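What follows is each chain in one-letter form.
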Amino acid sequence: MIKLAARMRETITFHAVEVFKDALALRNQGHDVISLSVGEPDFTAAPLVVEAANRATRAGLGGYTAPAGLWALREAIAKFYGTHLGANINPARVIVTNGASGALSLAAMAVVNPGDEVLMGDPCYPPNRNFISSAGGTTRLIPTSADNRFQLSAADIDANWGSQTKGALIASPSNPTGTSLTVEALSALIQAVNGRDGFVMMDEIYLALSFDSTARSALTLDDNLIVLNSFSKYFAMTGWRLGWMIVPEQLVDPIEKLAASLVICAPTLSQHAALACFEPESLALYDSRRLELKRRRDFLVPALKKMGIDVPVMPDGAFYVYADISQHSSDSMSFAKHLLANAHIACVPGVDFGPTHAASMVRIAYTNSMEKLEEAVHRLSKYLA
Ligand SMILES: Cc1ncc(COP(=O)(O)O)c(C=O)c1O
């Protein structure tokens, strides 16, 4: 009998998967299930990206790349940060990874020691805790509230930094809330961590999907951050498994060394294809999708509120609404299950994102067409009535 490693006890499971499986079963029975649960865009890769992938495949460009990725892609990412996200960075600080997941894994392996503690806001993206525990560290989830846009604050850092704490992991905009830190709050938070000689891991996977087009990278506030990003969301390439990290110079060689043995390189064909993400035609398409997501938010949030489902903080990016169902149920898990069974709408119960708001909140992803969203609102209001 093979014994599982102790860390497997720490590995948290995704309850969303349960809802997802139930939704699949219903769909297989022929029901029209509207999925508002999955955290991936309903858009696909841009046409130029698909063409570039085909060209690279035909040209036989499927061999390994350098562990940090194709230099041309690192340059293109650095340029994108300059033109779109306000930060001028040296391409040598960009490391191409297997999605933001690969970046989170490398970042945790590179800076977390066994016994180290990392602070995160509750709610947060559930797998974050698994990245830290796989490096031997532990996560301290700090309850957040609507007052701080469900984000960690500098005061939280002050109050919760302990003898084993080494850093904080922040996402802005965040999953499951779609809310960002204000520049002032983020700046204060970074200063609070820097004052303790800690690290900030900054997940900017939804940054380009900010509805305020003046949103800027945290690197504009401090160059010494570990920034994570991805082709999954803004560029709609979830399954292409491609992301990147931007790290301080001193971390480039160690992380490249780690990547060389852990993954060798990120998928090569995806890297060649991703170069086409930065063509003006592709960028124009992504921006029109961003505006489409904003339109969906502007439809969905007031509609939910009308039905007594509060949205305590208006999301300002990504494609999630963190919604309060407590007027209708005291248990978000059974709310989600009943909603699926009776109205054929899938959403994610709050329990996945941390204990603080587990019972009262659900995450609704508006990764579906306007038509489907209208249908979902119609079904939801009938169901709640
Ligand atoms: C906040 C956040 N970070 C990281 C990821 C990982 O994304 P990927 O590995 O597809 O880039 C996700 C995916 O949903 C996410 O929501």
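Residues numbered from 1 in each chain as written. Predicted model: local features only at pLDDT ≥ 70, side-chain atom pairs only at ≥ 80, totals over all residues. Heavy atoms only, no water.

Trainee: With reference to specific residues and values, describe the overall build of the protein chain.
Mentor: What the protein chain contains, in helices and strands, is 12 helices and 12 strands. Expressed as a percentage of the 385 residues in the protein chain, the buried residues total 55%. Long-range pairs, those at least 24 residues apart, make up 74% of the contacts in the protein chain between residues at least 6 apart in sequence. For the protein chain, the distance from the average site of its 32 positive side-chain charges to the average site of its 37 negative ones is 4 Å. (Helix = DSSP H or I, 4+ residues; strand = E, 2+ residues; numbered from the N terminus. Buried < 20%, exposed > 50% of the residue type's maximum accessible area, 1.4 Å probe, protein only. Contact = heavy atoms within 4.5 Å. Lys, Arg positive; Asp, Glu negative; His and termini not counted. Charge placed at Lys NZ, Arg CZ, Asp CG, Glu CD.)

Trainee: Lay out the sheet that holds strand S12 (residues 361-365) in plain terms, naming residues and giving numbers.
Mentor: Sheet architecture is open: three strands sit in the order S9-S12-S11, paired in antiparallel fashion. Only two strands of the sheet have a single partner each, and these edge strands are strand S9 (320-324) and strand S11 (348-349). The pairing of S11 with S12 spans two bridges and is antiparallel. The partner of valine 348 across the bridge, within S12, is arginine 363. (Pairing = 2+ DSSP bridges.)

Trainee: Describe the domain arrangement of the protein chain, naming the residues involved and giving the relevant values.
Mentor: Interfaces are frequently sized by the accessible area removed from exposure as the parts join. Domain parsing of the protein chain yields domain 1 (6-44 + 283-384) and domain 2 (47-281). The C-alpha-based centres of domain 1 and domain 2 are spaced at 24 Å. Taken together, the two surfaces of domain 1 and domain 2 that pack against each other cover about 3500 Å², and 61% of this comes from carbon and sulfur. Viewed at the interface, domain 2 and domain 1 are joined by one salt bridge. Salt-bridge contacts for arginine 149 lead to aspartate 316; the nearest nitrogen and oxygen are separated by 2.4 Å. Our enumeration of links across domain 1 and domain 2 arrives at 21 residue pairs in polar contact (both at pLDDT 80 or more). Elements with a contribution of two residues or more to the side of domain 1 that touches domain 2: helix H10 (280-306), S9 and S12. Looking at which element gives the most residues to the side of domain 1 that touches domain 2, the answer is H10, with 10 residues. (Domains from an automatic or database assignment. Buried area = accessible area lost by both parts, 1.4 Å probe. Salt bridge = Lys/Arg side-chain N within 4 Å of Asp/Glu carboxyl O. Polar contact = N/O pair within 3.5 Å; in protein donor to acceptor, adjacent residues only side chain to side chain.)

Trainee: With reference to specific residues and values, describe the UniProt feature "domain: Aminotransferase class I/classII large" (unreviewed entry) in the protein chain.
Mentor: Taken from the UniProt record, the annotation "domain: Aminotransferase class I/classII large" (unreviewed entry) applies to residues 32-380. With 40% helix and 15% strand, residues 32-380 has end C-alpha atoms that lie 14 Å from one another. (UniProt positions renumbered as here; feature names shortened; annotations may be inferred.)

Trainee: Tell me what's going on with the packing of H10 against helix H12 (residues 370-384), and back it up with residues and numbers.
Mentor: For the pair H10 and H12, the least separation of the axes is 11 Å and the interaxial angle reads 10 degrees. Considered as vectors, H10 and H12 are oriented roughly parallel to each other. Residues Glu292, Arg295, Arg296, Phe299, Leu300, Ala303 and Leu304 of H10 form the contact with H12, whose participating residues are Met370, Leu373, Glu374, Val377 and Leu380. Along the lines of polarity and charge, the residues of the contact of H10 with H12 split into eight nonpolar, no polar and four charged. (Axes fitted to C-alpha atoms, helices over the stretch in contact; angles between N-to-C directions. Parallel < 35°, antiparallel > 145°, perpendicular 65-115°, else oblique. Nonpolar A, V, L, I, M, F, W, Y, C, P; charged D, E, K, R; others polar.)

Trainee: Please provide a residue-by-residue account of the sheet that holds strand S6 (residues 199-203), values included.
Mentor: Judged by pairing direction, the sheet is mixed, and its seven strands sit side by side in the order S2-S8-S7-S6-S5-S3-S4 without closing on themselves. Two strands in the sheet have a free side with no partner beyond their single neighbour: strand S2 (94-97) and strand S4 (138-143). Shown here is a sheet whose adjacent strand axes are inclined to one another by a mean of 25 degrees, direction ignored. Pairing analysis gives four bridges linking strand S3 (residues 117-122) to strand S5 (residues 165-171), with the strands arranged parallel. Paired with leucine 119 across the bridge in S5 is alanine 168. Across the face of the sheet, helix H7 (residues 183-194) comes into contact with S5 and S6 while running at roughly 145 degrees to S6.

Trainee: Give a detailed account of helix H3 (residues 71-85), specifying residues and quantitative values.
Mentor: Here H3 is 15 residues long and its end C-alpha atoms lie 20 Å apart, about the 21 Å a rise of 1.5 Å per residue gives. Listing the buried residues of H3 in full gives Leu73, Arg74, Ala76, Ile77, Ala78, Phe80, Tyr81 and Leu85. Packed against the buried residues of H3 are S2, strand S7 (226-230), strand S8 (243-246), helix H9 (268-274) and H10. Remark: glycine 86 follows H3 within two positions and exhibits a positive phi of approximately 80 degrees. (Expected span 1.5 Å × (residues − 1).)

Trainee: Could you give me a rundown of the site of the ligand, with the residues and numbers involved?
Mentor: Near the ligand, the surroundings consist of Gly99, Ala100, Ser101, Tyr125, Asn175, Asp203, Ile205, Tyr206, Ser230, Ser232, Lys233 and Arg241. One of the backbone N or O atoms of alanine 100 is found 2.7 Å from an oxygen atom in the ligand. Protein coverage of the free-state accessible area of the ligand, which is 390 Å², stands at 93%. The element contributing the most residues to the shell around the ligand is helix H4 (residues 99-111), with three residues. Classifying every residue of the shell around the ligand by side-chain character gives four nonpolar, five polar and three charged. (Near = heavy atom within 4 Å. Areas by Shrake-Rupley, 256 points an atom, 1.4 Å probe, with all protein chains shown as cover.)

Trainee: So, the pairing of S3: which residues are in play, and what are the values?
Mentor: Within S3, six of the six residues are buried, leaving the element largely enclosed by the surrounding structure. Both faces of S3 are covered, namely the face carrying Glu117, Leu119 and Gly121 and the face carrying Val118, Met120 and Asp122. Bridging between S3 and S4 involves six bridges; their strand directions are parallel. Paired with valine 118 across the bridge in S4 is threonine 139. Following the chain from S3 across helix H5 (residues 127-134) to the adjacent parallel S4, one finds a crossover that is right-handed. (Right-handed = clockwise from strand over helix to strand, strands pointing away.)

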